[in-house]
Amino acid sequence: MAKIVVVGSASIDLTVIADKRPNAGETVIGQQLMLSSGGKGANQAVAAARLGADVTFVGCVANDSYGNDIIENFKQNNVNIEHLAKVENTTTGTAHIILAEGDNSIVVVPGANLNVSCQIIDNARDEILNADIVMVQQEIPLDSIAYLGELCHSHQIQLLLNPAPIQATPSSVIANAAFITPNEHEASAIFPTMSLNQALQNNPHKLIVTQGSAGALYHDGQEVVTVDGFKVQAVDTTGAGDTFNAAFAVAIAEKKSFAESIKFANAAAALSVQKLGAQGGMPSRTEVEEFLG
Ligand code: RIB
């Protein structure tokens, strides 16, 4: 069984579904409010667990009802929360999502996720050093991400950096990561002086640029390779990137080839967008295998 440690954010998503996204200064009437578990870190942990990995989550929630909801959700999804800290004097992270016109827009209020410190990472050192792969995103402090990068690199533990949302990613993390999984916007933010092709060429079997339903790109040492995605009817794309990352990590940890791992990740992501909520459509292992035929 693949052993995965996710260091990252856990939040409650407050999603409003509306026909139209309001312009600045405008008010629109929405149709529905939905509260669900989210946060890029928690999403990736839950997705990997549903795909059959042994997952430990390292992060923080506050001592409030949203924090309790997140803990309950992790338990229901068999994620190990021994290193999920409950912290005082803050609120649990929230993400404020508008789902309209076929896409989402998100404002994240990190709250307790800002407490994911180097000390919190050190507390989980044994799990991290025993992992097949460690995953991190950019909804926790950048100095903690840099610290995790050094720790993983110095012990030859594979680190997958999902550089989302866009932040000033420390160059050491880019160097220390085994895999980096931006979309095209995030890729140009982390490689600002390079074209997409140059960035891929300089990072063979390391940089994977996701393109939604079009699939993903990587460089195999000879040329840029496109692994096609799957065209499905999307209901909600929130969390699709998280599902892709988790599925790729699970497949790589199970020693699937690079291209096979991306295909597996594309399939999991295609299934995830067919239901509402970041975690609502995250598939089980069997669902992905049946989808791939
Ligand atoms: O990647 C999707 C996630 O981003 C949402 O669940 C929301 O919490 C935001 O952090």
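Criteria and thresholds
- Residues numbered from 1 in each chain as written.
- Predicted model: local features only at pLDDT ≥ 70, side-chain atom pairs only at ≥ 80, totals over all residues.
- Heavy atoms only, no water.
- Pairing = 2+ DSSP bridges.
- Helix = DSSP H or I, 4+ residues; strand = E, 2+ residues; numbered from the N terminus.
- Contact = heavy atoms within 4.5 Å.
- Axes fitted to C-alpha atoms, helices over the stretch in contact; angles between N-to-C directions.
- Expected span 1.5 Å × (residues − 1).
- Buried < 20%, exposed > 50% of the residue type's maximum accessible area, 1.4 Å probe, protein only.
- Near = heavy atom within 4 Å.
- Polar contact = N/O pair within 3.5 Å; in protein donor to acceptor, adjacent residues only side chain to side chain.
- Areas by Shrake-Rupley, 256 points an atom, 1.4 Å probe, with all protein chains shown as cover.
- Nonpolar A, V, L, I, M, F, W, Y, C, P; charged D, E, K, R; others polar.
- Phe/Tyr/Trp six-rings, centres within 6.5 Å; stacked < 30°, edge-to-face > 60°.
- Lys NZ or Arg CZ within 6 Å of the ring centre and 35° of its normal.

**Comments concerning the sheet that holds strand S13 (residues 224-227)**
Each strand in a sheet pairs with its neighbour through backbone hydrogen bonds, running either in the same direction (parallel) or in the opposite one (antiparallel).
Reasoning step 1: The strand order across the open sheet built from three strands is S11-S12-S13, with neighbouring strands paired in antiparallel fashion. The two strands at the open ends of the sheet, each matched to only one other strand, are strand S11 (209-210) and S13.
Reasoning step 2: As paired elements, S11 and strand S12 (residues 216-219) share two bridges and run antiparallel to each other. Among the inter-strand pairings, Thr-210 is bridged to a residue of S12, identified as Ala-216.

**Some remarks on the sheet that holds strand S8 (residues 133-136)**
Reasoning step 1: Spatial ordering of the open sheet is given by S5-S4-S1-S8-S9-S10, a layout of six strands whose pairing is parallel. Among the strands making up the open sheet, the edge pair consists of strand S5 (80-87) and strand S10 (179-180).
Reasoning step 2: The sheet contact formed by strand S1 (residues 3-7) and strand S4 (residues 54-62) spans five bridges and is parallel. Residue pairing in the sheet places Val-5 in a bridge with Thr-56 of S4.
Reasoning step 3: Its contacts with the sheet place helix H1 (residues 40-50) against S1, S4 and S8, and it is angled at close to 155 degrees to S4.

**Side note on helix H9 (residues 240-253)**
Reasoning step 1: End to end, H9 covers 20 Å across 14 residues, agreeing with the expected 20 Å (1.5 Å per residue, within 8%).
Reasoning step 2: Within H9, 13 of the 14 residues are buried, leaving the element largely enclosed by the surrounding structure.
Reasoning step 3: Phi for Lys-255, located one or two positions after H9, is positive at around 70 degrees.

**As for the site of the ligand**
Reasoning step 1: Taken together, Asp-13, Gly-38, Gly-39, Lys-40, Asn-43, Ala-95, Val-108, Glu-139, Thr-238, Gly-239, Asp-242 and Ala-278 are the residues near the ligand.
Reasoning step 2: Within the side chain of Glu-139, one N or O atom sits 2.5 Å away from an oxygen atom of the ligand.
Reasoning step 3: The side chain of Asp-242 places a nitrogen or oxygen atom 2.7 Å from an oxygen atom of the ligand.
Reasoning step 4: Computed on the free molecule, the ligand has an accessible area of 270 Å², of which 96% lies beneath the protein chains in the complex.
Reasoning step 5: Classifying every residue of the shell around the ligand gives three nonpolar, five polar and four charged.

**Some points on the packing of aromatic side chains**
Reasoning step 1: Per the stated rule, a full pass over the model turns up six aromatic pairs.
Reasoning step 2: Judged by centre distance (5.3 Å) and plane angle (85 degrees), the rings of Phe-179 and Phe-248 are edge-to-face. Of this pair, Phe-179 sits in strand S10 while Phe-248 is found in helix H9, placing the two residues 69 residues apart along the sequence. Accessibility classification places Phe-179 together with Phe-248 in one group, the buried group.
Reasoning step 3: Between Phe-179 and Phe-258, the aromatic rings sit 6.1 Å apart at their centres with planes inclined by 40 degrees, giving tilted as the arrangement. With Phe-179 in strand S10 and Phe-258 in helix H10 (residues 258-272), the pair connects residues that are 79 residues apart, well separated along the chain.
Reasoning step 4: With relative accessibility at 5%, the residue Phe-179 sits in the buried group.
Reasoning step 5: The structure contains a cluster of three or more aromatic residues connected by ring pairs, namely Phe-179, Tyr-218, Phe-248 and Phe-258.
Reasoning step 6: Above the plane of the ring of Phe-264 lies Lys-256, whose end atom (NZ or CZ) is 5.4 Å from the centre.

Read these as spatial facts, not as claims about activity.
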